[in-house]
Amino acid sequence: YIQFCFLFLLFISNRAWGQKFSISPEKPQPGDTVLLIYQPGNGPLEAASQISASVYMLNDVFPEDKSVQIPMPRPIPIHLEMKKEGRQYITGLVTGPTSKVLKVVFYSPENEIDRNDGKGYSVKMYEPPSGLPVQGVMAQEAFSKLTYAYFIGLNEDKEQGFEDLSREFSLYPTSKEN
């Protein structure tokens, strides 16, 4: 009975919010092909004639040689057309060997944009077999909220950004050296 109630509430909440984003594989690794699956539901792209995705691939930005100073690179979007399949739109891309996070924003030709309430949609890369985020993932999440937010069109969130950095340093103490 409890399981039925949970599934019913999950179904109702998905219908009420009407918006869903998922990926495949669920825990991608750097270098994997990632499918982005978007169902606009009752969101800003509900009436869109076509939906595309802007994907910002956030990679390692720190050189091995610590004496080399490099500026933070500005994230460049990869624009992908999405294929409609039923009520959802699907596209895919191959991540790079140093990819940490994909930040995704969906848009239509009518200039409607879904930025997930200013947070963007995140796809994190994971380490096999531990299932932990790869080193640098939480740092890139932090940068997306502190530095990159302006370039991606997202809301800056300093508090969450610093929490992400703290989590990165907790998982990977050597990240502090970078």
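If you're wondering where the values come from, they're calculated on a predicted model, not measured in any experiment. (Residues numbered from 1 in each chain as written. Predicted model: local features only at pLDDT ≥ 70, side-chain atom pairs only at ≥ 80, totals over all residues. Heavy atoms only, no water.)

## Remarks on helix α4 (residues 158-171)
The condition is simple: Put simply, DSSP marks the helices as runs of H or I at least four residues long and the strands as runs of E at least two long, and each gets a number from the N terminus on. In a helix, the anticipated span is given by 1.5 Å times the number of residues less one. Each residue is assigned to one of three classes by its accessible area relative to the maximum for its type, calculated with a 1.4 Å probe on protein chains only: buried under 20%, partly exposed between the two thresholds, exposed over 50%. The reported arc concerns the directions from the helix axis to the C-beta atoms and nothing else. Residue contacts follow a heavy-atom distance rule, with two residues in contact if any of their heavy atoms lie within 4.5 Å.
Given a rise of 1.5 Å per residue, 14 residues ought to cover 20 Å, and the 20 Å separating the end C-alpha atoms of α4 matches this to within 8%. Looking at α4, one finds that the buried residues are G161, D164, L165 and E168. Relative to the axis of α4, the buried residues are bounded by an arc of 100° and lie together on one face. Exposed side chains of α4 directed beyond 90 degrees from the buried face belong to E159, F162 and S170. Looking at the buried side of α4, the elements it contacts are α2 (137-146).

## What to know about the packing of α2 against α4
Applied cut-off: Axis definition: a line fitted to C-alpha atoms, over the contacting stretch in the case of helices. Angles run 0 to 180 degrees between N-to-C directions. Roughly parallel refers to an angle under 35 degrees, roughly antiparallel to one over 145, roughly perpendicular to one between 65 and 115, and oblique to any angle outside these ranges. Less than a right angle of anticlockwise turn of the near helix away from the far helix marks a crossing as left-handed, whereas a clockwise turn marks it as right-handed. Throughout, the ten residues Ala, Val, Leu, Ile, Met, Phe, Trp, Tyr, Cys and Pro are labelled nonpolar, Asp, Glu, Lys and Arg are labelled charged, and all others, Gly among them, are labelled polar.
Contact geometry for α2 and α4: axes closest at 8 Å, N-to-C directions at 165°. Relative to α4, the element α2 lies roughly antiparallel. As for how α2 packs across α4, the hand of that crossing is left-handed. Across the interface between the two elements, V137, M138, A139, E141, A142, K145 and L146 of α2 pack against K158, Q160, G161, F162, D164, L165, R167, E168 and L171 of α4. For the contact of α2 with α4, the class distribution of residues is eight nonpolar, two polar and six charged.

## Some thoughts on the nonpolar core
Operational definition: Here, nonpolar core means buried Ala, Val, Leu, Ile, Met, Phe, Trp, Tyr and Cys residues that are tied together by side-chain atoms lying within 4.5 Å of each other.
Formed by 35 residues in total, the largest nonpolar core has its most connected members in I51, V55, L102, V104 and F106. Among the elements of the structure, β2 (33-39), β3 (52-59), β6 (88-94), β7 (99-107), β9 (121-124), α2 and α3 (149-152) are those that each provide at least two residues to this core. Per element, the largest residue contribution to this core is six residues, and it comes from α2. Among residues more than four places away in sequence, those in contact with F106 are F21, Y38, L45, I51, S52, A53, M82, E112, I113, D114 and Y121.

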